[in-house]
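# Tertiary structure, described
For reference, the chains in residue letters:
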There are 2 protein chains.
Amino acid sequence: MTAYEIIAKKRDGGELDSAEIAFMVNGFLAGDVADYQMSAFLMAVLFSGMSEAETEILTRLMLESGATLDLSAVEGVKVDKHSTGGVGDKLSLIVAPVAAAAGVRVPMISGRGLGHTGGTLDKLESIPGMRTDWGPEDVVRIVSDVGMAIVGQSPEVAPADRKMYALRDVTATIECVPLIVGSILSKKLAAGLDALVLDVKVGRGAFMKDHESARALAQRLIATAKSLGLPAVALLTDMESPLGLTVGNALEVAESVEVLKGSGPPDVRETSLALAARMIQLAGESADTEAALAVAERVLDDGSALEVFGRFVAAQGGDPRVVSDPGVLPAATLRETVAAASSGYVTAIDALEIGLTSLALGAGRTTVEDPVDPAVGIEIASPVGSEVSRGEPLAIVHANEGGDVDAAVVRTRAAFEIGGERPAARSRVLEALD
Amino acid sequence: MTAYEIIAKKRDGGELDSAEIAFMVNGFLAGDVADYQMSAFLMAVLFSGMSEAETEILTRLMLESGATLDLSAVEGVKVDKHSTGGVGDKLSLIVAPVAAAAGVRVPMISGRGLGHTGGTLDKLESIPGMRTDWGPEDVVRIVSDVGMAIVGQSPEVAPADRKMYALRDVTATIECVPLIVGSILSKKLAAGLDALVLDVKVGRGAFMKDHESARALAQRLIATAKSLGLPAVALLTDMESPLGLTVGNALEVAESVEVLKGSGPPDVRETSLALAARMIQLAGESADTEAALAVAERVLDDGSALEVFGRFVAAQGGDPRVVSDPGVLPAATLRETVAAASSGYVTAIDALEIGLTSLALGAGRTTVEDPVDPAVGIEIASPVGSEVSRGEPLAIVHANEGGDVDAAVVRTRAAFEIGGERPAARSRVLEALD
């Protein structure tokens, strides 16, 4: 068996067996398969695809390439939520405390922002003192005490995925269903969860630009997770426009606290409750989705979720005053209003453009080494469906010295589409799959 | 512009412009584009293809990456013949002297065998003393004196092709029309030819397994050559079964001499004359193909081509007695007959299997560093169409100490198909394209 033969077989549309996939994945990690062979293989997989059986093998090999996280000491049913990444996606900060307040144990393993998509860890670290680098014993303690924890991935988990992802990132082989599935699930499986809720984003600000490809990804994620013993469900949610009214780390934390207090943008509240309800249902805390949704609404509206969030922040070293005083969060020095150039209705806001503009202001990173400015970002004053008159604010750019505010204003204005008719209201939750 | 963006554009089926292709080709040669990015790009090209315009740009960039061979001092019209590679393909040894005897100047740049296909340089070097590493001044002198020369590629010609080919060879990206075209033509264009005849092989022993893909390659070769100022025509020729009755370096030289003497296998004679006629016609030595074919037959049958061959061997340092005494060629120590296991007609001989068996005996190389045994190979006793009785010889394996003769006998026998009906006779020349 040689790397050449395996690449050629996949190139020609063949189905690889377990020994062949192991030869590539383990060989690459060991340095026996050259990176130029792996990248050709990954591109062949992107074009030829992988069957469900191949995807399961790939995921299992990535999982087995590294350590697992022993959370068995946590009592109760452990459920995580994973998002495929979007713009303004602060849902973890709301979903986790809502689910935890309903009795679910939520040991959430999260990531950092890359490119136009934000990362939950970056958002949390805008809270003064907050740490996300806790080890397994700490995670067990915090989840047992508070009901939830949100921490970064241990470098010992799924090293094959890390090495393959780094290569995919520079060879245009990210956008490939079986590779995405292997990457997501190998890490989730390593955490020893009892169930997983997937938030698969669809639209301009997401990896998956159309409903069909997002559904294909969600179906493969669910099938592979189940075949590897992890019950999973997925919601397809809309990512055409940014989620909520804020994009940027501290801005999104403040907005999440608003939602946990029972106010905040309706789309964030609706999507958070829908995801939390699935976690509650999967954990067996409610008999059906409707009952689970009622529980989620109750623990959000009665302040229990906010209380969990405050204890979670304190447990991970953050300043718990963040739940009562957003003034503890870093704020940008410049605020520039983006005024509407014409009158009408906001019919669309390009999530990708808003994400890229926020990235350019310093809220995100282009490479994993880049520092992140917690304070900067974009606040949307007129979300989709608003009526605006020429000169009225569409958005506010939050910037610090060194950020190109003028460029951000121009780009933000261009991301708004203004038309003559009010667009039909639509739900963020497009479809549920299990 | 980044390598990532260019890979992604090609992956998504986009047409690259000249700056983008230059970024990849020149960047790779300069070390600015990593090999793992180039291999992902090459696999994307394999799947997405390249337009005629892109292929022309790629070919020109590969040509311009290195030196050109100045053969302007050679008087007369310079025409080369290039084969896409086959099993038992000794045609250059006959075509070049026939064309030269008819007045064409033939500065042939040839290659070495790799994998199951043989190489003209390896065949020539089985002649004692023969050298193929002559420089430009020597090529000018030899072609001017004798009418032909056959030498290896200068390492200064098309270095981008050399570096890309080495990567393609280990990443399963050889079988791709625009990449094959760029690789072949960049080197032919560097030789300053006036015209080129292409022998595109079709069938089990060739790169192109079916007529349709061989025609697509031939058409793209002709179109790209013409757009870069090099008149070209192509013959599609059959490579289902080995060409002639010998596979192996010295064996093929001896067979070529037989053909130059007016005997030898009819398929080798027919194909050689057809190719030489195209060279004669392109050089303007004959008005049409029929007249050119008559000229080719005449210079073959009157001994002029054999005389040119003898002078060519002598000019390049080889023992000219090879034209009268095959005993000067190295001979294998073991000859093992492969007997027919059943009676009937030979309906097919798998060229790929024969090529691989000859390779395993030492006649070819798996990597460019492997030494080649000039004496070993396979001699076919019963070509396609022969009637054989059980126990009669199908072939003779020529082996030296260390070669696995038993395995070669078994494999050679299995490469023969014996059936109840005599197969219809068919010409090796399947189609002419210009």
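Residues numbered from 1 in each chain as written. Chains lettered and ligands numbered in written order. Predicted model: local features only at pLDDT ≥ 70, side-chain atom pairs only at ≥ 80, totals over all residues. Heavy atoms only, no water.

## Brief notes about the overall build of chain A
Keep this limit in mind: Helix numbers and strand numbers start at the N terminus; a helix is a DSSP run of H or I with at least 4 residues, a strand a run of E with at least 2. Just to be clear, the radius of gyration here is over C-alpha atoms, and the globule rule we use is 2.2 Å times residues to the power 0.38. Buried means the residue's accessible area, taken with a 1.4 Å probe over protein chains only, is under 20% of the maximum for its type, while exposed means over 50%, and partly exposed covers the values in between. Contact between two residues is taken to exist if any of their heavy atoms lie within 4.5 Å; hydrogens are not considered.
Helix and strand counts for chain A come out as 16 helices and 13 strands. On C-alpha atoms alone, chain A measures out to a radius of gyration of 21 Å, which is about the 22 Å that the 2.2 N^0.38 rule sets for 434 residues. Along the first, second and third principal axes, the C-alpha set of chain A runs to 65 × 45 × 40 Å. Evaluated residue by residue, chain A yields a buried proportion of 56% over its 434 residues. Sequence separation of 24 or more characterises 78% of the internal contacts of chain A that already satisfy a separation of 6 or more.

## A short note on the sheet that holds strand β5 (residues 232–238) of chain A
All names here are of chain A. Selection rule: One bridge is not enough; two strands pair if DSSP finds at least two bridges between them. Angles run from 0 to 180 degrees between N-to-C directions of axes, and those axes are lines fitted to C-alpha atoms, restricted for helices to the stretch in contact.
Read from one edge to the other, the open sheet built from 4 strands follows the order β1-β4-β5-β13, with strand pairing classed as mixed. Only two strands of the sheet have a single partner each, and these edge strands are β1 (79–83) and β13 (429–433). Each neighbouring strand pair of the sheet contributes to a mean axis angle of 15°, computed without reference to strand direction. Here 4 bridges tie β5 to β13, and the two strands are oriented antiparallel to one another. Within the sheet, the bridge partner assigned to Leu236 lies in β13 and is Glu431. Contacts between helix α12 (residues 266–282) and the sheet are confined to β1, β4 (195–202), β5 and β13, with β4 contributing the most and set at about 155° to the helix.

## With respect to the domain arrangement of chain A
Residue and element names in this part refer to chain A. Under the convention used in this document: Each domain's extent is set by a domain assignment, obtained either automatically or from a database. Buried area adds together the accessible area that both of two parts lose upon being put together, with accessible area traced by a 1.4 Å probe. A pair is scored as a salt bridge if a Lys or Arg side-chain nitrogen falls within 4 Å of a carboxyl oxygen belonging to Asp or Glu. In the analysis that follows, any N or O atom pair within 3.5 Å is treated as a polar contact, provided that within protein one partner can donate a hydrogen and the other can accept it, and provided that, for residues neighboring in sequence, both atoms belong to side chains.
Per the domain assignment, the segments of chain A are domain 1 (3–49), domain 2 (79–326) and domain 3 (330–419). On the side of domain 2, 13 residues touch domain 1, which itself brings 11 residues to the contact. At the boundary of domain 1 with domain 2, total buried surface from both sides reaches about 1,100 Å², with 87% on carbon and sulfur atoms. Together, Phe28, Leu29 and Leu42 form the three largest contributors to the area buried by domain 1 at its contact with domain 2, with a combined 48%. For the interface between domain 1 and domain 2, the tally reads 0 salt bridges. Between the two partners, domain 1 and domain 2, sit 1 residue pair in polar contact (both at pLDDT 80 or more).

## Topic: the relation of the copies chain A and chain B
Note that the two copies of the chain are related through a rotation about an axis and a translation along the same axis. The line we're drawing: We superpose the copies by least squares over the C-alpha atoms of residues that have a pLDDT of at least 70 in both of them.
Rotating chain A by 180° and translating it 0.1 Å along the rotation axis places it on chain B, where the RMSD comes to 0.1 Å. Both copies are brought into coincidence by an operation consistent with a two-fold rotation axis. For chain A, the residue whose C-alpha comes nearest the rotation axis is Tyr36(A), separated from it by 1.9 Å. Here 95% of the interface residues in chain A have copies in chain B that are interface residues too; the copies meet face to matching face.

## Observations regarding the environment of Ile94(A)
All names here are of chain A. With respect to the secondary-structure elements, Ile94 resides in helix α5 (residues 92–101). Ile94 sits 181 residues away from Leu275 along the chain, and the two C-alpha atoms are 9.8 Å apart. With residues up to four places along the chain from it excluded, the contact list for Ile94 reads Ser256, Val259, Leu260, Val268 and Ser272.

## Topic: the pairing of strand β2 (residues 106–110) of chain B
In terms of residue burial, β2(B) counts as a mostly covered element, since 5 of its 5 residues are buried. Burial along β2(B) is two-sided: Val106(B), Met108(B) and Ser110(B) facing one way and Pro107(B) and Ile109(B) facing the other are all buried.

## What about the sheet that holds strand β10 (residues 387–388) of chain B?
Residue and element names in this part refer to chain B. Strand order in the open sheet formed by 3 strands is β10-β8-β12, and the pairing between neighbours is antiparallel. This sheet does not close on itself; its edge strands, each paired only once, are β10 and β12 (416–419). One ladder, built from 4 bridges, connects strand β8 (residues 344–349) with β12; its direction is antiparallel. By the bridge assignment, Ile349 is partnered in β12 with Phe416. Each of β8 and β12 touches helix α16 (residues 405–415); the most contacted strand, β12, lies at about 45° to it.

## Observations regarding the confidence of the model for chain A
The cut-off we apply is this: Across the chain, each position has a pLDDT score giving the predictor's confidence in that residue, from 0 to 100.
Looking at chain A, the pLDDT average stands at 95 and 100% of residues meet or exceed 70. Both scores are available for the predicted complex, with the pTM at 0.88 and the ipTM at 0.87.

## Some thoughts on the pattern of salt bridges
The tally for this structure, following the rule as stated, stands at 59 salt bridges over all chains. The closest approach of N and O atoms between Arg204(A) and Glu417(A), which form a salt bridge, is 3.8 Å. On the criterion of sequence distance, the pair formed by Arg204(A) in the loop between β4 and α10 (211–227) and Glu417(A) in strand β12 (residues 416–419) is long-range, its members being 213 residues apart. Overall, Arg204(A) belongs to the partly exposed group, its relative accessible area being 27%. Assessed through its relative accessible area of 40%, Glu417(A) is described here as partly exposed. In this structure, the salt-bridge partner of Asp80(B) is Lys188(B), at a minimum N-O distance of 2.7 Å. Here Lys188(B) lies in helix α9 (residues 177–190) and Asp80(B) lies in strand β1 (residues 79–83), a separation of 108 residues in the sequence. Per residue, the accessibility class of Asp80(B) equals that of Lys188(B), and both read buried. Through salt bridges with shared partners, a single network forms among Arg112(A), Asp122(A), Glu125(A) and Arg365(A).

## What to know about the packing of aromatic side chains
Definition in use: Two rings from Phe, Tyr or Trp (for Trp, the six-membered ring) form a pair when their centres are within 6.5 Å of each other. A pair whose planes differ by under 30 degrees is stacked, one over 60 is edge-to-face, and the rest are tilted. Only when the NZ atom of a Lys or the CZ atom of an Arg is both within 6 Å of the ring centre and within 35 degrees of the ring normal do we say a charge sits over the ring.
All told, the structure shown has 3 aromatic pairs over all chains when counted by the stated rule. Judged by centre distance (4.4 Å) and plane angle (5°), the ring pair of Phe47(A) and Phe47(B) falls under stacked. Note that Phe47(A) is positioned in helix α3 (residues 35–48) and Phe47(B) in helix α3 (residues 35–48), a pairing that runs across two chains. Classification of Phe47(A) as partly exposed rests on a relative accessible area of 28%. Residue placement shows Arg131(A) over the ring face of Trp134(A); its charged tip is 4.0 Å from the ring centre. The side chain of Lys163(A) reaches across the aromatic face of Phe28(A), ending 4.5 Å from its centre.

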